[in-house]
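Below are the chains, spelled out letter by letter.
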Amino acid sequence: MKGHIQTAAFHDSNARREISRCHPNTRKTALKTISDWVADPASHCLWLNGPAGAGKSAIAYTIAEQCRLDKTLGATYFFAKGSTSGSAWGALPFFSTLAYQLMLAFPGLDEHLWAVIHADHTIFERSLSVQLEKFIIQPFLKLAKAPRSASAVVIIDGLDECDGDSIQGEIVRLILDLDRYSLPLLFIISSRPELVIRRALESSSCSSLAHLPLDRSLESDNDIRLYLRNEFERIYREIIGVGAPQAVPQHPWPSAHNIEKLVRKSSGHFIYAATVIRFVQEGNAHPMDQLDAIIGIPSEFTSISAAGKSIFIDSIAFQELDGLYLYILRKHQNQVELVKILHAIIYFGNLDHSERLDEFSNDIEIIFNLRPGSIYIMLAGLHSIIDVPKRANKPLRFFHASFYDFLNNPERSHEFYMDTSHFNAELACAYTRIFVA
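As the structure is a prediction and not an experimental result, all values here were calculated from the model.

*Asks:* It is not clear to me how the environment of T97 should be interpreted in this structure. Could you clarify?
*Replies:* Structurally, T97 can be placed in helix α3 (residues 94-105). What T97 contacts, discounting residues up to four positions off in sequence, is H4, I5, Q6, F10 and Y77.

So this is what it looks like as structure tokens:
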């Protein structure tokens, strides 16, 4: 069974190092709402939804850890772009991965699962509905003679990152349909409110479904304010005041006025605040200079100009986030080569999520005729948006899915956009050059 489960999708997998729990004393209402639902569920499924960067994965991770400590966690599956649990693998290992974890949580379930696998070695290649029937429904119905005293929680995060709208909708419908079996399982689905997922939820015959939307609220602003204050205090303590404490201005830093500016720019989205913190503490530049640069980002970075007219992004949150992304990228000295590298991360990530950083770097340097070591040098100033692993045998990926969306939208990424046909042409020319040589 080992070759048919996606261990990178576990919430505590080493491959998911970019996801962390909620910052202390934040997201209290959302966490309490979910905890109360787990303790006294009115339905077997809860949908946690919100826009990109709202903090859904952090909430899902925190709940998973709480359930693990309470011994109520059944299984987790965290989808993600650019990882081995993500889009290129699709959803085929989905129910087998959940079943493996549930087998560890429910004594006696293993013998029923092994019987299924022994009876049909091709079960892993069957449709999702068949796998659900064989891996989840039938084993639990056979286990009903010795029921577990409490339900186990199954957490599915980032369903909208799963490749294929039809698969996303099918997973939702199959999970909701489990309501009629009265299995000892509670499902938490976390995703953006994408149309295909909303339609699947609305068309379901499931009589009850708990909803928890992460809309902007006074609490989200307060949470981001607390997060920023705590993180800037840490930066001040660990970086600014270490070398020459007598030479730095008196605390507090930054000013309350600048904190409020950042809170407004975040618009309730933690991804903006988290990117700011990573940028401020990055590299050899002084954190105060880094923050001053962000505070002073001109309006030209947060609007879009095309065909001689100004087009503004609909969402204020994305407007500010895009402005931050553009500012960081435009600081790069070799933007032409950088565009190729960024889109190579997307392209080759979709083909082979497991490629190591050293292998990726070597391949790209050969393809685009770059000097050895160029990838490491070119990415040195981008660690606030790109997760560059310290160990060369780990994969390279973007910190957040919003950066994929940014690069794939010409009205948002401007000169850093490259359509698929253009990138394929660049690759074709490069391969031709290599083969001719």
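Still more to cover.
*Asks:* Just to check I follow, could you spell out unusual backbone geometry for this structure?
*Replies:* Residues other than glycine seldom take positive phi values, yet N25 does so here, at roughly 65°. One non-glycine residue with positive phi stands out, namely K71, at about 60°. Structurally, K71 is set in the loop between α2 (56-70) and β2 (73-78).

*Asks:* I would appreciate a short explanation of the packing of helix α9 (residues 256-266) against helix α11 (residues 287-295) in the present structure.
*Replies:* Working note: a packed helix pair is described by the angle between its axes plus the distance between those axes. Taken N-terminus to C-terminus, the directions of α9 and α11 make an angle of 55°; their axes are 11 Å apart at the nearest point. Here α11 runs oblique to α9, going by the angle between their axes. Considering only the axes of α9 and α11, their crossing is left-handed. The segment α9 lies against α11, with N258, K261 and L262 engaging L291, I294 and I295. When the residues that make up the contact of α9 with α11 are grouped by side-chain class, the tally is four nonpolar, one polar and one charged.

*Asks:* What is the right way to read the pattern of salt bridges from this model?
*Replies:* Pairing is possible between side chains of opposite charge, provided their charged atoms come close. Enumeration according to the criterion identifies 17 salt bridges in this entry. We note a salt bridge from D160 to R192, for which the minimum N-O separation is 3.4 Å. Here D160 is found in the loop between β3 (152-157) and α6 (165-177), whereas its partner R192 is found in the loop between β4 (185-191) and α7 (195-203), with 32 residues between them in sequence. Since its relative accessible area comes to 13%, D160 is described here as buried. Judged by its relative accessible area of 14%, R192 falls in the buried class.

*Asks:* In this structure, what is going on with the packing of aromatic side chains? I would like to understand it.
*Replies:* Both the distance between ring centres and the angle between the ring planes are used here to describe each pair of aromatic rings. Applying the stated criterion across every chain, the model contains 16 aromatic pairs. An angle of 50° between the planes, with centres 5.3 Å apart, marks the rings of Y347 and F423 as tilted. Residue Y347 is located in helix α13 (residues 335-351), and its partner F423 is located in helix α18 (residues 420-436); the two are separated by 76 residues in the primary sequence. Since its relative accessible area comes to 4%, F423 is described here as buried. Cluster of aromatic residues (ring-pair linked, three or more members): Y325, F398, F403, Y404 and F406.

*Asks:* Looking at this model, I keep getting lost on the pairing of β3. Mind explaining?
*Replies:* The two faces of the sheet receive side chains in turn, since in a regular strand these alternate between them. Within β3, six of the six residues are buried, which leaves it mostly tucked inside the rest of the structure. Burial along β3 is two-sided: the face carrying A152, V154 and I156 and the face carrying V153, I155 and D157 are both buried. Two elements, β2 and β3, share five bridges in a ladder whose sense is parallel. Looking across to β3, one finds that L73 is bridged to V153. Inspection of the sheet shows β3 paired to β4 by six bridges, in the parallel sense. Pairing of D157 across the sheet is with S190, part of β4. Between the parallel pair β3 and β4, the chain is carried across by α6, and the sense of this crossover is right-handed.

*Asks:* In this structure, what is going on with the confidence of the model for the protein? I would like to understand it.
*Replies:* A low pLDDT score tells you not to read the predicted coordinates there in detail. For the protein, the mean per-residue pLDDT works out to 83, and 85% of the residues sit at or above 70. In the model of the protein, strand β7 (residues 309-311) stands out as the element of lowest mean pLDDT, 38, in contrast to β3, which has the highest, 97. Low confidence marks residues 82-91, where pLDDT is under 50. Its contacts with residues over four positions away, or in another chain, come to 36 contacts.

*Asks:* Honestly, α9 in this entry has me stumped. Any pointers?
*Replies:* Each turn of an α-helix holds 3.6 residues, which means side chains three or four residues apart point in the same direction. For α9, the full list of buried residues reads N258, I259, L262, V263, K265 and S266. Across the axial projection of α9, the buried residues extend over an arc of 165°, all falling on one side. Exposed side chains of α9 directed beyond 90 degrees from the buried face belong to A256 and H257. Remark: S267 follows α9 within two positions and exhibits a positive phi of approximately 50°.

*Asks:* Looking at this structure, I do not really get the side chain of S384. What am I missing?
*Replies:* With respect to the secondary-structure elements, S384 resides in the loop between α15 (374-378) and β8 (386-387). Setting aside anything within four residues of it in sequence, one finds S384 in contact with T275, R278, F279, E282, I328 and F399.

*Asks:* What exactly am I supposed to notice about the sheet that holds β4 here?
*Replies:* Through backbone hydrogen bonds, the strands of a sheet pair up, either in parallel or in antiparallel fashion. The sheet built from five strands is open, its strands ordered β2-β3-β4-β1-β5 with parallel pairing. In this open sheet, the two strands that pair with only one neighbour each are β2 and β5 (210-213). Adjacent strand axes in the sheet meet at a mean angle of 15° when their direction is disregarded.

The rules behind the values
- Every chain is numbered independently, its residues counted from 1 as its sequence is written.
- In view of the model being predicted, local features appear only for residues whose pLDDT reaches at least 70, and side-chain atom pairs are presented and counted only at 80 or more, with totals across whole chains, interfaces and linings using the full set of residues.
- Side-chain metrics in this entry use all non-hydrogen atoms of the structure; hydrogen atoms and water are not considered.
- Per the convention used, a helix needs a DSSP run of H or I reaching at least four residues, while a strand needs a run of E reaching at least two, with both numbered from the N terminus.
- We call two residues in contact when some of their heavy atoms are within 4.5 Å.
- Comment: axis = line fitted to C-alpha atoms, over the contacting stretch for helices; angle = value between 0 and 180 degrees taken between N-to-C directions.
- An angle below 35 degrees is treated as roughly parallel, one above 145 as roughly antiparallel, one from 65 to 115 as roughly perpendicular, and anything else as oblique.
- What makes a crossing left-handed is the near helix being turned counterclockwise from the far one by less than a right angle; a clockwise turn instead makes it right-handed.
- Three categories are distinguished: nonpolar for Ala, Val, Leu, Ile, Met, Phe, Trp, Tyr, Cys and Pro, charged for Asp, Glu, Lys and Arg, and polar for the others, with Gly belonging to the last.
- Counted as salt bridges are all cases of a side-chain nitrogen of Lys or Arg within 4 Å of a carboxyl oxygen of Asp or Glu.
- Only protein chains enter the accessibility calculation, which uses a 1.4 Å probe; a residue is then buried when its area is under 20% of its type maximum, exposed when over 50%, and partly exposed in between.
- Centre distance within 6.5 Å is the pairing criterion for rings of Phe, Tyr and Trp, where only the six-membered ring of Trp is used; planes under 30 degrees apart are then read as stacked, over 60 as edge-to-face, and the remainder as tilted.
- A pair of strands is labelled paired if DSSP reports no fewer than 2 bridges between them.
- Crossover handedness is defined here as right-handed if the route from the first strand over the helix to the second strand goes clockwise, with the strands pointing away from the viewer.
- One confidence number per residue, pLDDT, is output by the predictor and ranges from 0 to 100.
- In this description, one arc is meant: the one made by directions from the helix axis to the C-beta atoms.

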